[in-house]
Each structure stands twice: as C-alpha cells, then as structure tokens.
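Each chain is listed here by its residues.
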Amino acid sequence: MKTTIDIPDALACQAMDVAARDGDTLGDLVLAGLRGEIARRAASPDGFRAPVPGEGRAADLSLEDAPPTAYQLPD
C-alpha cells in the first residue's frame, strides 16, 4: 500500500541520515518505527502511552504545571 504522510523537514533529514548511515532506506526506517510503536502500544495496558522525552504536550510544561496536567486536575 502506498500512502502519503507529512513529516517535518528537520525530522525527515534526520531520518534520511540515520537510514543512509545504517544502509537502509527511509521506508525501511519508517516501517521499523511503525512496527516498534505498534508493538509497544499493544503491550501497554488499556492503551496507556508513556510520553516520549522532549516530545508532545509535556515538552513545554513547567514542573509546577506537570502534575495537574498529567492527572487532569482542575485549575
């Protein structure tokens, strides 16, 4: 199956560099990443997703804001 996805330029460049370094194609790297993420999510209870350091909503939270946000506490 062919599909089109949007990847930020900087991430695409990093991915191409890693793939080339390891003698793989970008497609090989994307497939490995998808397989790994699917396996990780399948192994987590109730679809729990642990945050990836430096990415997602938590990346911009201060230490004071993190607990209320993580536990969805009212302001």
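Residues numbered from 1 in each chain as written. Predicted model: local features only at pLDDT ≥ 70, side-chain atom pairs only at ≥ 80, totals over all residues. Heavy atoms only, no water.

### What about the overall build of the protein chain?
Thought 1: Assigned secondary structure in the protein chain consists of three helices and zero strands.
Thought 2: Along the protein chain, helices and strands appear, N-terminal first, in the series α-α-α.
Thought 3: A total of 75 residues make up the protein chain; the buried ones form 5% of that total.
Thought 4: About 6900 Å² of surface is accessible on the protein chain, with carbon and sulfur atoms providing 59% of the total. (Helix = DSSP H or I, 4+ residues; strand = E, 2+ residues; numbered from the N terminus. Buried < 20%, exposed > 50% of the residue type's maximum accessible area, 1.4 Å probe, protein only. Areas by Shrake-Rupley, 256 points an atom, 1.4 Å probe, with all protein chains shown as cover.)

### Concerning a nonpolar patch on the surface
Thought 1: The grouping of Ile5, Ile7, Leu11, Met16, Leu26, Val30, Leu31, Leu34 and Ile38 at the surface amounts to a nonpolar patch, some 770 Å² of accessible area in total.
Thought 2: Sorting the residues of the nonpolar patch by element identifies α1 (9-21) and α2 (26-43) as the ones contributing at least two each.
Thought 3: Residue classification places Ile5 among the exposed residues on the basis of a relative accessible area of 54%. (Patch = residues over 30% accessible without salt bridge, like charges linked within 9 Å, V, L, I, M, F, W, Y side chains within 5 Å. Salt bridge = Lys/Arg side-chain N within 4 Å of Asp/Glu carboxyl O.)

### Structural notes on the pattern of salt bridges
Thought 1: A full pass over the atoms with the stated rule returns three salt bridges.
Thought 2: A salt bridge links Asp22 to Arg21; its shortest N-O distance comes to 2.9 Å.
Thought 3: Residue Asp22 is classed as partly exposed on the basis of its relative accessible area, which comes to 45%.
Thought 4: Taking the shortest distance from any N to any O, the salt bridge between Arg41 and Glu37 comes out at 2.7 Å. In this pair, Arg41 and Glu37 are both assigned in helix α2, four residues apart and thus about one turn of the helix distant.
Thought 5: On the accessibility criterion, Arg41 (38% relative accessible area) is partly exposed.
Thought 6: Residue classification places Glu37 among the partly exposed positions, given a relative accessible area of 28%.
Thought 7: Here the residues in one salt-bridge network are Glu37, Arg40 and Arg41, joined through shared partners.

### Remarks on the confidence of the model for the protein chain
Thought 1: Looking at the protein chain, the pLDDT average stands at 80 and 61% of residues meet or exceed 70.
Thought 2: Model confidence for the protein chain, summarised as mean pLDDT per element, is weakest for helix α3 (residues 66-70) at 61 and strongest for α1 at 95. (pLDDT = per-residue confidence, 0-100.)

### A look at α1
Thought 1: Over its 13 residues, α1 extends 18 Å from the first C-alpha to the last, a length consistent with the 18 Å expected when each residue adds 1.5 Å.
Thought 2: For α1, the set of buried residues is Ala12, Ala15 and Ala19. Take α1 and look down its axis: the buried residues cluster within an arc of 65°, on one side only. Across α1 from its buried face, at more than 90 degrees, point the exposed residues Asp9, Ala10, Gln14, Asp17, Ala20 and Arg21. (Expected span 1.5 Å × (residues − 1). Arc of directions from axis to C-beta.)

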